[in-house]
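Each chain, letter by letter, is given below.
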Amino acid sequence: LVLAALVALAALLTAVPAARAQRHPDVDARAAIVIDARDGEVMFAKAPDSRQAIASTTKLMTALLTLERADPDDVFTAPPYDALPVESQINLRTGERMTVADLLEALLLESANDAAVALAENISGSREQFVADMNARAGELGLEGTSYANPIGLDDPANYSTARDLAALARALLRRPRFARIVDMEVARLDSGATPRVIDNRNALIAEHPWVSGVKTGHTLQAGYVLVGSAAGRSGGRVISVVLGEPSEPARDADTLELLRWGLSRFRRVRVLRPARALARAEIEYRDETARLVPRSGVVLTLRAGQRLRRRVRAPEELEGPLPAGRRVGSVTLLVDGRAVRRVAVVTAAEVPEAGTLRVLTSVLGVPLTSLLALAILLAAVLAVRRLRTRYRIVR
């Protein structure tokens, strides 16, 4: 096959027409961010790199180390932990045994400090070592504005993060199905401890808005009200939000909803390939006609406002028949902001006919020479017939 020049339809379309010309969100948080959960692109930010106290969103790193280093069926023994009356806990007794799966749900839904301590000491041997492991993992993930002083989120000058780092950490965690399932639960039953426990998700948005899918709340005097949120829209868009330093729980929830709704409004479903629509045409060898080349299947993409889509088609300039309809002859690559996101086969839309001897001769020799050749063949045939008749008469 002859490789056609790369067909780049620059500015095929601006992926999403400005979604209802939406204004940017206006939130009370000291710091906030919205990112595209698919690629991490920042869509909106307010002081995204300012270091803030983060309260129980600290437990996101506690959860990550638990998911990486422990099996859900492992059974951990609760260490001594003297919690203050105001602390969130599931009232683990010293020596009580509970599975990692249940401790993780208690950590993420009830935001239980005693569950965080149990996970930390059983995984790393001590709280101090677990904190060192938390900071090491933050460094590996490139969370440059993050520092941990405890696995819980208690106020400490050395326990802080940024909206950007928390969004990146949540994005990494949400790629883990177990984590994503837990933070989207309204309620959970913990059966593995000394007594069954039923806990509710402290993120009330999960129960109130089915399209909200996570992630973690937090509150301390220094941090104010904090929430890392996530949501998915009907268009296929997925976003992660962070608000830090909110003045109240209602303000925290209202701003989170505004950020999530705004983020999801920036996505649209766009049909970028249709099976019946030709992407290219190829000459048919030795025939005065062309073959339509179409994508094997249609493609619909979810694109964010401002994203640019290009199609790069690789297809032959000429085809030699016979070829059946649906024969693969090339490919089309879809690029969003220069990054390849999908590749689809390019096929013949209909049967490509064979040329036939006369068409080949006409194409190669041209009409005059082909006519002369045909006349010569005819004359040769006539002469051959005459010779045969002459021989027949002599024999008789």
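Structure first, text after, so check above.
Owing to the predicted nature of the structure, the values given are computational and were not obtained by experimental measurement. (Residues numbered from 1 in each chain as written. Predicted model: local features only at pLDDT ≥ 70, side-chain atom pairs only at ≥ 80, totals over all residues. Heavy atoms only, no water.)

Remarks on the environment of G193
Right, so step 1: Positionally, G193 belongs in the loop between strand 7 (187–190) and strand 8 (197–200).
Right, so step 2: You can call G193 buried: its relative accessible area is 17%.
Right, so step 3: The sequence separation of G193 and M98 amounts to 95 residues, and the corresponding C-alpha distance is 4.8 Å.
Right, so step 4: Here G193 is in contact with E96, R97 and M98, once residues within four sequence places are set aside. (Helix = DSSP H or I, 4+ residues; strand = E, 2+ residues; numbered from the N terminus. Buried < 20%, exposed > 50% of the residue type's maximum accessible area, 1.4 Å probe, protein only. Contact = heavy atoms within 4.5 Å.)

Describing the packing of aromatic side chains
Right, so step 1: One pass over the full model with this rule turns up one aromatic pair.
Right, so step 2: A centroid spacing of 6.2 Å and a plane angle of 65° characterise the contact between F44 and W262, whose relative ring orientation is edge-to-face. Of the two residues, F44 sits in strand 4 (residues 42–46) while W262 sits in helix 8 (residues 249–265), which places them 218 residues apart along the sequence. (Phe/Tyr/Trp six-rings, centres within 6.5 Å; stacked < 30°, edge-to-face > 60°.)

Comments concerning the nonpolar core
The tendency in soluble globular proteins is for nonpolar side chains to be buried as a group.
Right, so step 1: M61 and F179 are the most contacted members of the largest nonpolar core, which totals 61 residues.
Right, so step 2: Other than its neighbours up to four places away in sequence, F179 contacts L60, A63, L67, L108, L173, L174 and V215.
Right, so step 3: By size, the runner-up hydrophobic cluster in this structure holds 23 residues, among which are V270, V272, I284 and V346. (Core = buried A, V, L, I, M, F, W, Y, C linked by side-chain atoms within 4.5 Å.)

Some details on the environment of D36
Right, so step 1: Looking at the secondary structure, you find D36 in strand 3 (residues 31–36).
Right, so step 2: Once the C-alpha coordinates of D36 and R171 are considered, the two residues, 135 residues apart in sequence, prove to be 9.2 Å apart.
Right, so step 3: Residues in contact with D36, not counting those within four places in the same chain, are E41, M43, R171, R238, F267 and R304.
Right, so step 4: Polar side-chain contacts of D36 include one of 2.6 Å to the side chain of R304. (Polar contact = N/O pair within 3.5 Å; in protein donor to acceptor, adjacent residues only side chain to side chain.)

Observations regarding the side chain of K59
Right, so step 1: When you line up the elements, K59 lands in helix 1 (residues 59–69).
Right, so step 2: There is no salt bridge for the buried K59, and the closest opposite charge comes from E87, which lies 7.5 Å off by N-O distance.
Right, so step 3: Within the local environment of K59, its side chain forms a polar contact with the side chain of N113, the two groups lying 2.8 Å apart.
Right, so step 4: Beyond its immediate chain neighbours, meaning those up to four positions away, K59 contacts L107, S111, A112, N113, A116, P151, I152 and K216. (Lys, Arg positive; Asp, Glu negative; His and termini not counted. Salt bridge = Lys/Arg side-chain N within 4 Å of Asp/Glu carboxyl O.)

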